[in-house]
Amino acid sequence: MGIEKKSNNKYLVRIRYNSPTKLNFSKTFDAFYEAEACEKAVIEAYKKGLPIPDYGAKRSDLVTLEELFSEALENVYDSTKKYHHKVYLLQGQIMEALGRKLDVSHFDIEQVEKMEKYWRDRGNSHSTLNKKRAILSKCLKYGIKKKYLSDLPDLNWKNTEENHRIRYLTPAEEIDFLHWSNYYQYTDLHDAMIIGLDCGLRWGEIARLQSSDYVADVLGHDYGSITLTKTKNKKNRSLPVTARVDAIIKKRILKSHNSKKLFFKYNYQKMNSEFNTIKNHMKIDDLEFVFHTTRHTCASRLVQKGASLVMVKDFMGHKSMTTTLKYAHLAPKNMIELTNLLEAEG
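Within any chain, residue numbers begin from 1 and follow the written order of that chain's sequence. Where totals are concerned, whole chains, interfaces and linings use all residues; where local detail is concerned, this predicted model gives features only for residues with pLDDT of at least 70, and gives and counts side-chain atom pairs only at 80 or more. Neither water nor hydrogens contribute to the side-chain values; these are computed over all heavy atoms in the structure.

In DSSP terms, a helix is any run of H or I states spanning at least four residues, a strand is any run of E spanning at least two, and both are numbered starting from the N terminus. Looking only at helices and strands, the protein has 14 helices and six strands in total. Any two residues whose heavy atoms approach within 4.5 Å are treated as being in contact. Within the protein, contacts between residues separated by at least 24 positions form 59% of all contacts whose residues are at least 6 apart in sequence. Using a 1.4 Å probe, the Shrake-Rupley method yields the accessible areas, and only the shown protein chains count as cover for residues. Per element, the accessible surface of the protein, about 20,300 Å² overall, is 52% carbon and sulfur.

Put into structure tokens, the structure is as follows:
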């Protein structure tokens, strides 16, 4: 009993029970997630004494996630509004995590948990997760209205960005991680980590870095600077770099040959695979420990060393001060100074 991968890359679900009643079920699927959903639905129906789902039905009789999203986008969201295209893009990201052909009639909390992990591993913030949950919830409610599914799973709305802990690397973790990246000869990951730690760049910003983004001589600074033109908040920003980032960029420019990109042929999938290899080696069992943690680390260190929140906002490229304020609690010195003002005579 279980799911078996066949030689033709299809997935066979076999379920056998002899008591309290006999069940002999088998069905082949093209995708593993379809087979997994089928297995769960059949076993659950059997144990509850309900009719076994009819997986012999034609595909047209079922509604996929892609079909639900398309229909909901047309009927629920106002196509004249600016956010319509944003909803479409976020729907695409949801389907990237779950699969376009997912049968929505079997959507449950397990899919929600899988999505959470998928998005967190890719550095999504809680505000981004909440936007995706809101779209998913609205589309699923539309599906319930159309009788495509029977109930709405718990989308865990309690995890708000304001209450979310900030995970950052300790100095010891940084030393350990960079050591193992050298040990495994993950040069690209090693260099990207340092740029993330010292400049606070998002992975996408690092991946897009080109030799032309670097300026070697900056007035009043011993090292060069980088200019980011494709950022999340759509605003360009220039950052002076540290000594070790300066050395990394110069080295990569020399080795880039005819390529403009500093991280040529190094994509997210390869980076994430290498990152998780070292994470597992270090025995770090923490879903919050992802590449994006380097960005949190940069902002946290700036605040801990006394930088004003306004300067941190500009350095990190935060669109709103609300985002920067997440790090305010890391500056106890500021609170001490306020207390001293109250203690002062006169």
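Structure's up, so let's keep going.
Nonpolar cores were defined as sets of buried Ala, Val, Leu, Ile, Met, Phe, Trp, Tyr and Cys residues, with membership established by side-chain atoms within 4.5 Å. Each residue's exposure class comes from its accessible area (1.4 Å probe, protein chains only) as a fraction of the maximum for that residue type: buried when under 20%, exposed when over 50%, partly exposed otherwise. Membership of the largest hydrophobic core comes to 44 residues, with the highest contact counts inside it found for L189, I195, L201, W203, I226 and F291. Those elements that provide at least two residues to this core are α6 (171-183), α7 (187-199), α8 (203-207), β5 (225-228), α9 (243-255), α10 (268-281), α11 (293-304) and α12 (309-316). Counting residues per element, this core draws most heavily on α7, which supplies six residues. Apart from the residues within four sequence positions on either side, W203 is in contact with A192, Y266, N267, Y268, M271 and F291. Counting residues in hydrophobic clusters, the runner-up holds 26 residues, among them L65, M115, Y118 and L129.

Our next topic: the packing of aromatic side chains. Paired rings are identified among Phe, Tyr and Trp, the last through its six-membered ring, by centres lying within 6.5 Å, and are further divided according to the angle between planes into stacked (under 30 degrees), edge-to-face (over 60) and tilted (the rest). For the structure on display, the rule yields twelve aromatic pairs. An angle of 45° between the planes, with centres 6.4 Å apart, marks the rings of W180 and Y184 as tilted. Judged by its relative accessible area of 19%, W180 falls in the buried class. Under the relative-accessibility criterion, Y184 is labelled partly exposed at 29%. When the ring of W203 is compared with that of Y266, the centres are 5.8 Å apart and the planes differ by 75°; the resulting orientation is edge-to-face. Here Y266 lies in the loop between α9 and α10 and W203 lies in helix α8, a separation of 63 residues in the sequence.

With that settled, consider the sheet that holds β5. Note on pairing: two strands pair once DSSP finds at least 2 bridges between them. The strand order β4-β5-β6 describes an open sheet built from three strands, whose pairing is antiparallel. Of all the strands in the sheet, just β4 (214-215) and β6 (237-240) have a single pairing partner and so form its edges.

Lines fitted to C-alpha atoms define the axes here, with helix axes fitted over just the stretch in contact, and angles between the N-to-C directions of these axes take values from 0 to 180 degrees. It is the contact of α6 with α7, at a shortest axis distance of 9 Å, that shows an interaxial angle of 155°. Classified by the angle between their axes, α6 and α7 sit roughly antiparallel to one another. Contacts from E174, F177, L178, S181 and N182 in α6 reach L189, H190, M193, I194 and L197 in α7. Its residues assigned to classes, the contact of α6 with α7 shows six nonpolar, three polar and one charged. Here the word oblique covers every angle except those under 35 degrees (roughly parallel), over 145 (roughly antiparallel) and from 65 to 115 (roughly perpendicular). Residue polarity is assigned by list, with Asp, Glu, Lys and Arg as charged and Ala, Val, Leu, Ile, Met, Phe, Trp, Tyr, Cys and Pro as nonpolar; anything else, Gly included, falls into the polar class.

This next bit is on the packing of helix α3 (residues 83-98) against helix α4 (residues 109-121). Put simply, α3 and α4 touch, their axes get as near as 9 Å, and they point 105° apart. As summarised for this structure, α3 and α4 are arranged roughly perpendicular, according to the angle between their axes. Listed contacts from α4 to Q93, I94, E96, A97 and L98 of α3 are Q111, M115, Y118 and W119. Each residue belonging to the contact of α3 with α4 can be placed in one class, and the counts come to six nonpolar, two polar and one charged.

Two strands pair when backbone bridges link them, and strand β2 (residues 11-17) and strand β3 (residues 23-29) are joined in this way by seven bridges, in the antiparallel orientation. Within the sheet, the bridge partner assigned to Y11 lies in β3 and is F29. Hairpin geometry of β2 and β3 is characterised by an intervening segment of five residues between the two adjacent antiparallel strands.

Taken together, three strands build an open sheet; the order of strands is β1-β2-β3 and the sheet is antiparallel. Every interior strand has two partners, whereas the edge strands, β1 (2-5) and β3, have only one. Within this sheet the neighbouring strands show an average axis-to-axis angle of 20°, counted without direction. Along the sheet face, helix α1 (residues 32-47) touches β1, β2 and β3 and points at about 15° away from the line of β2.

Only residues above 30% relative accessible area that lack a salt bridge enter a patch, with like-charged residues linked at up to 9 Å and the nonpolar side chains Val, Leu, Ile, Met, Phe, Trp and Tyr linked at up to 5 Å. Take a side-chain nitrogen of Lys or Arg and a carboxyl oxygen of Asp or Glu: if they are within 4 Å of each other, that pair is a salt bridge. Neither His nor the chain ends is counted toward charge; the positive residues are Lys and Arg and the negative residues Asp and Glu. For charged residues, the charge sits on one atom: NZ in Lys, CZ in Arg, CG in Asp, CD in Glu. Residues K86, K131, K232, K234, K235 and K319 make up a contiguous surface patch of positive charge. Summarising the element assignment, K234 is placed in the loop between β5 and β6.

Below, the discussion takes up α12. Those residues of α12 that fall on the buried side of the exposure criterion are V312, F315 and M316. Projected onto a plane normal to the axis of α12, the buried residues spread over an arc of 85° and lie on a single side. G317 sits one or two positions beyond α12 and adopts a positive phi of about 75°. What the arc measures is the spread of directions leading from the helix axis to the C-beta atoms.

This structure, assessed with the given rule, holds 25 salt bridges. Among the ionic pairs, R301 bridges to E174, the shortest N-O distance being 2.7 Å. Here R301 is found in helix α11, whereas its partner E174 is found in helix α6, with 127 residues between them in sequence. For the pair formed by R301 and E174, the shared burial category is buried. Taking the shortest distance from any N to any O, the salt bridge between D198 and R244 comes out at 2.7 Å. With D198 in helix α7 and R244 in helix α9, this residue pair connects regions lying 46 residues apart in the sequence. Overall, the relative accessible area of 15% leaves D198 in the buried class. Connected via shared salt-bridge partners are E116, R120, R133 and E288.

Everything listed is a geometric property; what it means functionally is a separate question.
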